[in-house]
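Reading the structure
Here's the letter readout for the chains.
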Amino acid sequence: MQQKTIATFECEIVQKELKLVGQSITANFPDSFPDAAIKVQEDFLQRTDEIHNEKHKEILFSPFMCNEIIATYFACLEVDEIDQIPEGMIGFKLPMTKYAKISCSNKTISEGYDAVYAWMQEHGYKEKWFNHSSPVEIYYIDENAEEEPAEILIPIY
């Protein structure tokens, strides 16, 4: 694993497979963001008790698909199996994928994107879009904290 710090951000390469259950929103991009993302996350957090086979209730996974017109953004929990999907939610699997990962916070996510893309360019990694995965934002929910740890995963090749 390669690891390097850019500014105060830790970058590394990880491989993950994710089974997720959650909700999504599709909205104009970039005009409707981050408001649309915040809305789907808040709505979903009201319903997490409906998911019975989650791995960690306090870790919110937000994959997304985006172009210069629209974006679909998800709020999900990781599950052991995609077999119980509450009404109005979706279940899907992101297969084993190689990601550039950066650790940041909900307050520094924009700077985290700048840093991970700079790190990828410096190390010769290219972003892999829409084939079998998508970028993922991960939030470690702490209702008592103003600033929460977060991670960004960018699929690479």
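What comes next concerns the included structure.

1. Comments concerning the pattern of salt bridges
- Evaluation of the coordinates by the stated rule reveals 10 salt bridges.
- A salt bridge links E50 to R47; the nearest nitrogen and oxygen atoms lie 2.7 Å apart.
- For E50, a relative accessible area of 34% puts it in the partly exposed group.
- In this structure, K57 and D49 form a salt bridge, with 4.0 Å as the shortest nitrogen-oxygen distance.
- Residue D49 is classed as exposed on the basis of its relative accessible area of 61%.

2. Remarks on the state of the cysteines
- If you walk through the whole model with that rule in mind, you get zero disulfides.
- Cysteine C104 shares no disulfide, and the gap to the nearest cysteine sulfur, in C11, comes to 9.6 Å.

3. Quick notes on the packing of aromatic side chains
- According to the stated counting rule, one finds six aromatic pairs in the structure shown.
- Residues F29 and F33 carry aromatic rings whose centres are separated by 5.7 Å and whose planes lie at 55° to one another, so their mutual orientation is tilted.
- According to the relative accessible area criterion, F29 is partly exposed, its value standing at 30%.
- A ring pair is formed by W119 and Y125, whose centres lie 5.8 Å apart and whose planes are at 20°; its orientation type is stacked.
- Residue class for Y125 comes out buried when judged on its relative accessible area of 17%.
- Taken together through their ring pairs, the aromatic side chains of F29, F33, F64 and Y73 make up a single cluster.

Conventions and cut-offs
- Residues numbered from 1 in each chain as written.
- Predicted model: local features only at pLDDT ≥ 70, side-chain atom pairs only at ≥ 80, totals over all residues.
- Heavy atoms only, no water.
- Salt bridge = Lys/Arg side-chain N within 4 Å of Asp/Glu carboxyl O.
- Buried < 20%, exposed > 50% of the residue type's maximum accessible area, 1.4 Å probe, protein only.
- Disulfide = S-S within 2.5 Å.
- Phe/Tyr/Trp six-rings, centres within 6.5 Å; stacked < 30°, edge-to-face > 60°.

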